[in-house]
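The residues making up each chain are set out below.
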Amino acid sequence: MPNYRIHKTEYIDETKRVSFKYDGKTYFGYEGDTLASALLANGIHLVGRSFKYHRPRGIVSCGAEEPNAICQIGSKKDLTEPNVRATELELHEGLEASSQNCWPNVKFDIGGINNFISPLIPAGFYYKTFMWPKSFWKKVYEPLIRLSAGLGKSPTEPDPDIYDHKYVHYDVLVIGGGVSGIIAAKMAAKNNLKTLLVDDKKILGGSTIYQNNESIKIDDKLSSEWLKNEIQEIKKLSNLTIKTRTSIAAYHGYNFLLAKENLTDHLPEEKKKNKIRQRLWKIRAKKVVIATGSIERPLVFNNNDRPGILLSNSINKYLDYYGVTCGENIILFTNNDSAYETSISLHKKGIKNLIVDLRKSASSELIKQAESLGIKIYFNYVVTNTFGYRKINSLEIMKLSEDGNTTVGDKIKLSCDCLGMSGGWTPMVHMHTQSGGKLDFRDEDQVFLPKENSEDQISVGSCNGDFDLENIIDKTVNKINKFLDIDNQDYQDTNIICSKENDKRNIWLLPNKIPLGKTKCFIDFQNDSTAKDIKLALKEGFRSIEHVKRYTTTGMATDQGKLSNMHALGIIADTAGVKMGTLGTTTFRPPFTPLTFGTLVGRNVGKFFEVVRKTSMHEWHVKNNAEFENVGQWKRPWYYPKNGENMHDAVQRESKAARDNAGILDASTLGKIDIQGTDASEFLNRVYTNAWSKLAIGKCRYGLMLNEDGMVYDDGVTTRISENHYLMTTTTGGAANVLSKLEDYLQTEWPELDVYLTSVTDHYSTASICGPNSKKILNKLFPNLDLSDENFPHMSFKEAKLENINCRIMRISFTGELSYEINIESKYGHSLWKMCIEAGKEFNLTPYGTETMHLLRAEKGFIIVGQDTDGTMTPSDLQMDWIVSKKKYDFIGKRSLYRSDTIREDRKQLVGLLTDDPKEILEEGAQIVSDVKSNPMDMLGHVTSSYFSPNLNKSIALAVVKSGKTMKGQKLIIPMENKNINVTVSDTIFLDKENKRLNA
Amino acid sequence: MFLINCPFCGERDQSEFSSGGEAHIVRPKQPTELSDDEWAEYLFMRKNIKGIQFERWNHVHGCRKWFNVVRDTSNDKILSVYKMGEKPPVNYK
Ligand SMILES: [Zn+2]
């Protein structure tokens, strides 16, 4: 097996050999490796197939910007993870990874055929090709695209890992632990500011930590040695927290940031057990220092995507940090000085290399050094083509014309096994722009730079466009002193020597003799878009960068165009003949690198996903086999199946029992608001549609609450407990909103009213007993209470004691039956319920759930707000004009009840529907028409509630229908998928219109 | 995610609050006297300013108090908070 690990470094522990599997084959690396460095050490460059053309692709970079080395990690159904960048994944024992986007395997790929039909896959390919016929989309195109897109596989079983969230507050957050971040963190922490320093790598130091060129020195030491010392220093600072393996995912307003800390991804399987895998840090920082560095730019030339073509600086890092060389015969293609550092380092380790430089000529310390070492440099040359299928084996270069627009002279063919490219550097301004910062454009080296406009946030180092070390350190120190309003002198006497770059030449799309249409000059490696695609988009009339981006999909892959956005912009600017700075950039959106869902949800999974509210009686319901329904956060018994009953049968039985004998419902979830104060009656007058001043103490009244727009908002019964004390009930789901709304009016519109509101929903438990036997059951429970109709009539309230415990009993009814609601302090709720059940035994008391409650009230035509109403129904639409006071001068929503729109007679209005076939049960939500022949059918309304009534032995439904009030007796049609159902409009009250049962 | 300085509780995370739209819209004292258009003006018409905007916020998961906020919608900076019934700070008018 080839071994490209050519020298020892302090970051690779050669005593700790690690075995791992890649595409099913076992390899070895060392502790300290990433998957990418270990693969390269084994001579593996080819790691995947490109997205569209399925071209062989190799490792390009050594960090978060990696577009090609995207892996599927693990093979277990619950633990596999797609789209992991091999350049960031730390090698560990037992790691199993496989390449994505290739089938059947990376070396022989069926989709590779796309490469040969590529003229047929232009920009906008998906938009243009898969348009027609429409029916093909779902069955043919989409599955095909998904299959060949192959961006990894999702796990198919729940994630067993543990994730965590943590909130922290700091005076200063420093993002990035390179040289400028370390300086900033030290300055802040030494000046008594509580500081957090985060870096996504395993160790601090950025790219300076492996720097070893003699021409770059700080205080007479190699910059890497100097920095190591600084790192030792800051580790001693007590008010500095350092978090490595931690990357900022999002920078929101008010210096609120999300960071992902990787805790176990680098550990072998057995050490991961029972540990938190990732932690999401929610950081509030008074000040944020962005020191995120910069990313090297690729160059855009023909066939610039072959395996073995990497970023020049990445070749340097693999060599000096991991001890791995990316080839044995390397060519570096550059437009700036930084490739010379790579070249010199390779040369010193005995790796043959030469330089192709776009610039006509250049001079600097670094270049002098390279020249004196005898490294061959081709100035004013450009790479025009590369060769080699699974890996680069040679390339062609040509001389550039004077203006750089064309090539001249003869081709020179050079053999190589690796090409490093350096198109200059792009400052990582993502964090700055995510925080709302704007950008400036610097023409000289064509970079976007943070525009400083905030007191809370600053960029330092190369993300601020400062590229040489002297500049970086001097400017960082000055800016931090000013930004934090401190006077730190630590770096006053620091002596920095570094090579200064003097010459620049940038060409976004490099010239070629071959027409562009016949070249493959890749811009976005991950999404496979080329210079040709960008030009085509412009030709087709796209101008905005955001549109070109979407049309060509440039920058839209999981790397979000970290390597491609600038080139796309540059080519657009050059083609359109405008200045690049005037185009603006695409928007950088969080997350900076992909996050797992696990990290985002933290511990809020399974039973912690949502708060569950249970009544005091819950345990009894569970024991008695209740099926539950979620109502808001509440768990409510839905029905209680007996002896294997299905839902329909259970509900039919419960409904019949409630009317024939007695039924009991857990009504504890209804919202309860305690209202007190000398103006309580006036307040109710203003919030309900009906009048409240004359409600006697001890009486109850049903109220309808509107929004200011006149639409029904909530309803419920309110009881006058004493002169200045009421208890309001609301719908279960509406409780919180009603309280909010009432508070709003009290605090902002009517602050003069003496009224206090308290939510008491959880304070009381409620058992509601209804049916002809209910009085007998009550009598058994409360033998001393006079239950006579004269003393305790319908819509009235009594206080009573149940074994010395105070109860409030309301005689109110939502079923149309004689009915009592017993309220007791919640801690006694369970006992109350059990006593009711016990007392009811001899009277056939049957527990019933929400479904039966809905059925019973529908028989009586009582509405449920939110089911029969949808925020567009007025009281009149509901045929409830009787509850709207004509006398009251004002109440919430009154004025809206006679707006031109609310008095229209053809509004949708609540009606009853009876099916011609009494056994036919309508579907709730079904549309209603009068004519099935017209196309499209004129839809008149829809069914809101529908049940089979066991008490009437027929199907009943409530519906809203245009002009429904005037349609009684009229025939309508409910068109269903396979039949039309004939119905007749009826009254909304189906049972006991005379309300005889209330006093039965 | 804003940090909002509740006038009753102090600085809290935005997740404790709910926004109540434009401030200083007074409910008409005599709605019945208004034309449809005048009522619609109160009911539906709201400003949507890029720049300095006066808003109502409710510390719904805290003290439940409503209060007013001056916010620059162009950068989300909250410039001032003040209690219900208090006059808006003049320097932002
Ligand atoms: Zn508060």
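See the structure above.
Residues numbered from 1 in each chain as written. Chains lettered and ligands numbered in written order. Predicted model: local features only at pLDDT ≥ 70, side-chain atom pairs only at ≥ 80, totals over all residues. Heavy atoms only, no water.

A.B. asks: I would appreciate a short explanation of the interface of chain B and chain A in the present structure.
C.D. replies: In this assembly, 30 residues from chain B lie in contact with 29 residues from chain A. Of the roughly 2,400 Å² buried between chain B and chain A, counting both surfaces, carbon and sulfur atoms make up 45%. It is Met1(B), Arg27(B) and Arg64(B) that lose the most area in chain B upon contact with chain A, and together they represent 29% of the buried surface on that side. Put simply, chain B and chain A have six salt bridges between them. Counting the contacts that link chain B with chain A gives 23 residue pairs in polar contact (both at pLDDT 80 or more). (Contact = heavy atoms within 4.5 Å. Buried area = accessible area lost by both parts, 1.4 Å probe. Salt bridge = Lys/Arg side-chain N within 4 Å of Asp/Glu carboxyl O. Polar contact = N/O pair within 3.5 Å; in protein donor to acceptor, adjacent residues only side chain to side chain.)

A.B. asks: Explain the sheet that holds strand E5 (residues 70-73) of chain A to me, please; I cannot follow it from the model alone.
C.D. replies: All names here are of chain A. Here five strands make up an open sheet; going across it, the order is E2-E1-E7-E5-E6 and the pairing mixed. Pairing within the sheet leaves two strands with one partner each, and these edge strands are strand E2 (25-31) and strand E6 (81-85). Put simply, the sheet's adjacent strands are angled 40° from each other on average, direction ignored. Bridge count for E5 against strand E7 (residues 96-99) is three bridges, and the pairing is antiparallel. For Ile73, the partnering residue across the bridge sits in E7 and is Ala97. (Pairing = 2+ DSSP bridges. Helix = DSSP H or I, 4+ residues; strand = E, 2+ residues; numbered from the N terminus. Axes fitted to C-alpha atoms, helices over the stretch in contact; angles between N-to-C directions.)

A.B. asks: Even after reading the chapter, I still don't get the nonpolar core, so can you show me in this structure?
C.D. replies: As a rule of thumb, soluble globular proteins bury nonpolar side chains together. Residues and elements named next belong to chain A. Judged by nonpolar contacts, the single largest core of 89 residues is most densely connected at Phe20, Leu35, Ile59, Val289, Tyr318 and Ile473. When neighbours within four sequence positions are excluded, Phe20 is seen to be in contact with Lys25, Thr26, Tyr27, Phe28, Gly29, Leu35, Ala38, Leu39, Asn42, Leu91 and Leu95. Ala259, Trp281, Leu311 and Val382 belong to the second largest nonpolar core, which has 49 residues in total. (Core = buried A, V, L, I, M, F, W, Y, C linked by side-chain atoms within 4.5 Å. Buried < 20%, exposed > 50% of the residue type's maximum accessible area, 1.4 Å probe, protein only.)

A.B. asks: Honestly, the sheet that holds strand E29 (residues 496-497) of chain A in this entry has me stumped. Any pointers?
C.D. replies: For sheets, the rule is that strands pair by backbone hydrogen bonds, running either parallel or antiparallel. Residue and element names in this part refer to chain A. With antiparallel pairing, the three strands of this open sheet are ordered in space as E11-E10-E29. Every other strand in the sheet has two partners, leaving strand E11 (221-222) and E29 as the edge strands with one partner each. With two bridges joining them, strand E10 (residues 217-218) and E11 adopt antiparallel strand pairing. Looking at the pairing, Lys217 lines up with Leu222 of E11.

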